[in-house]
Amino acid sequence: DGLAKSLFRRWQQADAAITQSDDDPRFDWDAQDLQAMGQSVGLASQVSEDTISTTLYLSEKLIQRWFAPDGSYRNQLAAHLSDKDIQAVETICQRQLQNRRCSGDRALPF
């Protein structure tokens with residue numbers, strides 16, 4: 001019922017490549033970048049950072065959106081995984097993650 005170890009490893013590598021991309025403005029910034037952006041348009045700013053705990057409910061609709069034919073996550077995975085591999089990842093997400101909650105910490109600049 002699980003993914004083959006090699007596919008799981010390739011999925012981890014693909015996901016890391018997506019979230020650590022220097023080309024995607026959704027992920028390629030931090031508190032210092034935010035402050036520099038403000039200063040570049042003439043805003044005086046002081047940016048602080050705090051860590052928050054968040055919980056995300058992984059609904060059926062959310063997973064469907066991730067893996068929709070025009071879904072951003074599917075399209076980004078396609079640069080690293082075959083269609084067959086993406087389908088296997090989607091299936092395992094549906095079976096093991098759907099209708100569960102995922103918690104984690106993240107930095108929040110303000």
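Residues numbered from 1 in each chain as written. Predicted model: local features only at pLDDT ≥ 70, side-chain atom pairs only at ≥ 80, totals over all residues. Heavy atoms only, no water.

Draft legend 1. Looking closely at the pattern of salt bridges. Counted under the stated rule, the structure contains two salt bridges. Salt-bridge contacts for Asp85 lead to Arg10; the nearest nitrogen and oxygen are separated by 2.7 Å. Of this pair, Asp85 sits in helix α5 (residues 83–96) while Arg10 is found in helix α1 (residues 5–19), placing the two residues 75 residues apart along the sequence. Taking relative accessible area as the criterion, Asp85 reaches 15% and is therefore assigned buried. Among the ionic pairs, Arg74 bridges to Glu90, the shortest N-O distance being 3.0 Å. Taken together, the positions of Arg74 in helix α4 (residues 72–77) and Glu90 in helix α5 put the pair 16 residues apart, joining distant regions of the chain. There is no split in this pair, since Arg74 and Glu90 are both buried. (Salt bridge = Lys/Arg side-chain N within 4 Å of Asp/Glu carboxyl O. Helix = DSSP H or I, 4+ residues; strand = E, 2+ residues; numbered from the N terminus. Buried < 20%, exposed > 50% of the residue type's maximum accessible area, 1.4 Å probe, protein only.)

Draft legend 2. Examining the environment of Gln39 more closely. Within the element layout of this structure, Gln39 appears in helix α2 (residues 31–40). By relative accessible area, Gln39 is classed as partly exposed at 47%. As a C-alpha pair, Gln39 and Asp23 span 16 residues in sequence and 22 Å in three-dimensional space.

Draft legend 3. Summary view of the state of the cysteines. Applying the stated criterion across every chain, the model contains zero disulfides. Cysteine Cys93 remains unbridged, with the sulfur of Cys102 as its closest cysteine sulfur at 11 Å. (Disulfide = S-S within 2.5 Å.)

Draft legend 4. Region of interest: the packing of α1 against α5. At their nearest, the axes of α1 and α5 sit 11 Å apart, and the two run at 90 degrees to each other. Looking at the two axes, α1 sits roughly perpendicular to α5. Where α1 approaches α5, its residues Leu7, Arg10 and Trp11 are matched on the opposing element by Asp85, Ala88, Val89, Ile92 and Cys93. (Axes fitted to C-alpha atoms, helices over the stretch in contact; angles between N-to-C directions. Parallel < 35°, antiparallel > 145°, perpendicular 65-115°, else oblique. Contact = heavy atoms within 4.5 Å.)

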